Amino acid sequence: MVDTSGNGSTSWTGTIIISTPVLDEIPPVIVSSTVTAKTDTAATIHVVTSEQLKKLRVRYRVVGTTAWTEQTLIPTTLAFDINLTSLLTGQAYEYQYTLDDNSGNQDLTGWVGV
């Protein structure tokens, strides 16, 4: 706008930086998953992920059954422990992860045995 009244003028010579947000389309992945402790009724799994997660769900069950136990975690770091509890003595278990990142990407892992 031009000031035609002669009351003075202002000018701005700054720089405007416009950035385009980067769209994260890459789902998070498990970098490593290691059973670090195991008893007859519990197991601890140390997990490392590729990026910060919004949440992680782990499902586990006795191999060959359809009854699931599920936990949802909200990890605050890339490396963390998951405790599987109430395991039945003498049974083989399998588990699976669903990872969700802050951009809405999701990954479902294959089955792993405990």
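Residues numbered from 1 in each chain as written. Predicted model: local features only at pLDDT ≥ 70, side-chain atom pairs only at ≥ 80, totals over all residues. Heavy atoms only, no water.

Below, the discussion takes up the pattern of salt bridges. With the rule as written, the count across this model stands at 2 salt bridges. A salt bridge links Arg57 to Asp100; its shortest N-O distance comes to 3.0 Å. One end of the pair, Arg57, is in strand β3 (residues 53-62); the other, Asp100, is in strand β6 (residues 93-101), and 43 residues separate them in sequence. Judged by relative accessible area, which is 10%, Asp100 ranks as buried. Of the charged contacts in the structure, one is a salt bridge between Glu94 and Arg61, with a shortest N-O distance of 2.7 Å. On the criterion of sequence distance, the pair formed by Glu94 in strand β6 and Arg61 in strand β3 is long-range, its members being 33 residues apart. (Salt bridge = Lys/Arg side-chain N within 4 Å of Asp/Glu carboxyl O. Helix = DSSP H or I, 4+ residues; strand = E, 2+ residues; numbered from the N terminus. Buried < 20%, exposed > 50% of the residue type's maximum accessible area, 1.4 Å probe, protein only.)

This brings us to the pairing of β3. Counting buried residues in β3 gives 7 out of 10 residues, a clear majority hidden from the surface. Of the strand pairs in this sheet, β3 and β6 are connected by 9 bridges, and their pairing is antiparallel. Within β6, the position partnered with Val62 by the bridge is Tyr93. Alignment of β3 against strand β4 (residues 69-73), held across 5 bridges, turns out to be antiparallel. Opposite Arg57, over in β4, you have Thr72 as the bridge partner. Linking β3 to β4, which pair antiparallel, is a turn of 6 residues; within it Gly64 sits at a positive phi near 90 degrees. (Pairing = 2+ DSSP bridges.)

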